[in-house]
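Commentary on secondary and tertiary structure
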Amino acid sequence: MAFTAKDVQALREKTGVGMMDCKKALVESDGDMDKAIDILREKGLASAAKKASRVAAEGVVAAYSNDKCGALVEINCETDFVAKGEPFVNLANSVVKTVVDANPADVDALLATKVSGGDITVEEAVQEVFLALRENMKVRRFTRIEGHVATYIHAGGTVGVMVAFDTDDATAAKPEFTAMGKNVAMQVAAMSPEYLNKEDISDDELAKIKSITIDSALNKPDSLPVPILNSLIDEAITEKKWTDEDITVYQGLDQKQKKNFTNFISKEAYATLAEIAVSHKADISENKIFVGLVQGRISKQIKEICLSEQAFVRSDLYDGTVSGYIASVAKELGADIRASQFVRLAKGEGIEKKQEDFAAEIASMIK
């Protein structure tokens, strides 16, 4: 079966593959367009297998939601250039819509699912984009939440956020709710909370936070309450744990200078002070003043890692916590609104990127 230049162009438009590859496929298929597409896919699979070991840490996080549920999907590729291109972005958008529509159990199930509105599977859709762009790419992960959700994509897919709210359908349909949901999602993108509420932190995690806080305080003795700090310094001096030079320097400071004593003593003397503090960990941990200091620092950390406790970044809209902001919108609408969960996906997080040393590479080539 003969074929023309128009057939080559048509095959290229269907697959996005280069002209020469399309021509070769049509020659091999004797001009049969469908067979040519299959040939390109088969060759692409072989090529993709060869490139599968190459690190794909770039890509995008895409979001899609309707009035019943929402989803985030991360798809990776090798370069930022490809990630920003229309074919790759369109692929991500079609895959995330498929997640919402089909509710696949996992990534393998998603890959085997037909793309929403199409007649090929997600895996085949990825393969077609690979054929056109020739980069290792993969659907890495997705999350899907049923109910009323707000989504936000930051910096063209660098970060994706989805926040779920418990409220009624009528409230969720209002523009004020939509705006509120987006603002909360933007908060998650900007402030990276770890938990929704402080009640979500397990006892083990709280114990870990407390232990780290205590150790951190003891290893930074100048941040300790003055009575405890002074007792540590007295021990360093009376038991000659500091050098004579450091002792002389410290004793020569006036009261104002002693408040900033770390600017005058040696690094070794400061390290010794921390060692003394750590050696008295059991006793210091029982000190009421120290207990208050630790509790205050833990409370501050909780306000930083819990979404509902965080200070709302859009202080121009509301001056207070995120939970206070949500409550203010609920009051304005005369409705019940409660954030129930959130998901934050950052593109490439946890993927070890290959460190390129171009100077060394060039040097090795010219040896």
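In what follows, the structure referred to is the one given above.
In short, a report on the structure. Fair warning: this is a prediction, and the values are worked out from it, not measured in the lab.

1. A closer look at the packing of helix H9 (residues 175–191) against helix H17 (residues 322–333)
Interhelical geometry of H9 versus H17 gives an angle of 175 degrees and a closest axis separation of 10 Å. Regarding the angle of H9 to H17, the classification is roughly antiparallel. Facing Glu-176, Phe-177, Ala-179, Met-180, Asn-183, Val-184 and Gln-187 of H9, the residues of H17 in contact are Val-322, Tyr-325, Ile-326, Val-329, Glu-332 and Leu-333. A class-by-class count of the residues in the contact of H9 with H17 yields nine nonpolar, two polar and two charged.

2. Overview of the packing of aromatic side chains
Going through the model one piece at a time under the given rule, you end up with five aromatic pairs. Ring geometry for Phe-165 against Phe-177: centres 5.4 Å apart, planes inclined by 75 degrees, an arrangement best described as edge-to-face. In this pair, Phe-165 sits in strand E5 (residues 159–166) while Phe-177 sits in helix H9, placing the two residues twelve residues apart along the sequence. Of the two residues, Phe-165 and Phe-177, neither departs from the other in class, the shared state being buried. The interplanar angle of 85 degrees and the centroid separation of 6.2 Å between the aromatic rings of Tyr-250 and Phe-261 together place this pair among those described as edge-to-face.

3. Quick look at the sheet that holds strand E1 (residues 58–65)
An order of E1-E2-E3 is seen for the three strands of this open sheet, with the pairing classed as antiparallel. Of all strands in the sheet, those with a lone pairing partner are E1 and strand E3 (138–146), marking the two edges. Mean inter-strand twist for the sheet, computed between neighbouring axes without regard to direction, equals 10 degrees. The pairing of E1 with strand E2 (residues 69–77) spans eight bridges and is antiparallel. Counterpart to Ser-65 in the pairing with E2 is Gly-70.

4. A short note on the environment of Thr-167
Take Thr-167: it is sitting in the loop between E5 and helix H8 (169–172). Taking the C-alpha atoms as reference, Thr-167 lies 9.8 Å from Phe-177; in sequence the two are ten residues apart. Leaving out residues up to four positions away in the same chain, Thr-167 has contacts with His-148, Ala-172, Phe-177, Asp-336 and Ile-337.

5. A look at unusual backbone geometry
Within the chain, Ala-155 stands out as a residue other than glycine whose phi angle is a positive 50 degrees. Turning to its location among the elements, Ala-155 is positioned in the loop between strand E4 (148–154) and E5. A relative accessible area of 52% places Ala-155 in the exposed class. The phi dihedral of Lys-240 falls on the positive side, at around 55 degrees, and the residue is not glycine. Mapping Lys-240 onto the fold places it in the loop between helix H11 (226–238) and helix H12 (244–251). A residue is classified by how much of its surface remains accessible, and Lys-240, at 56% relative accessible area, is exposed.

Parameters at a glance
- Residues numbered from 1 in each chain as written.
- Predicted model: local features only at pLDDT ≥ 70, side-chain atom pairs only at ≥ 80, totals over all residues.
- Heavy atoms only, no water.
- Axes fitted to C-alpha atoms, helices over the stretch in contact; angles between N-to-C directions.
- Helix = DSSP H or I, 4+ residues; strand = E, 2+ residues; numbered from the N terminus.
- Parallel < 35°, antiparallel > 145°, perpendicular 65-115°, else oblique.
- Contact = heavy atoms within 4.5 Å.
- Nonpolar A, V, L, I, M, F, W, Y, C, P; charged D, E, K, R; others polar.
- Phe/Tyr/Trp six-rings, centres within 6.5 Å; stacked < 30°, edge-to-face > 60°.
- Buried < 20%, exposed > 50% of the residue type's maximum accessible area, 1.4 Å probe, protein only.
- Pairing = 2+ DSSP bridges.

Purely geometric numbers; function is a separate question.
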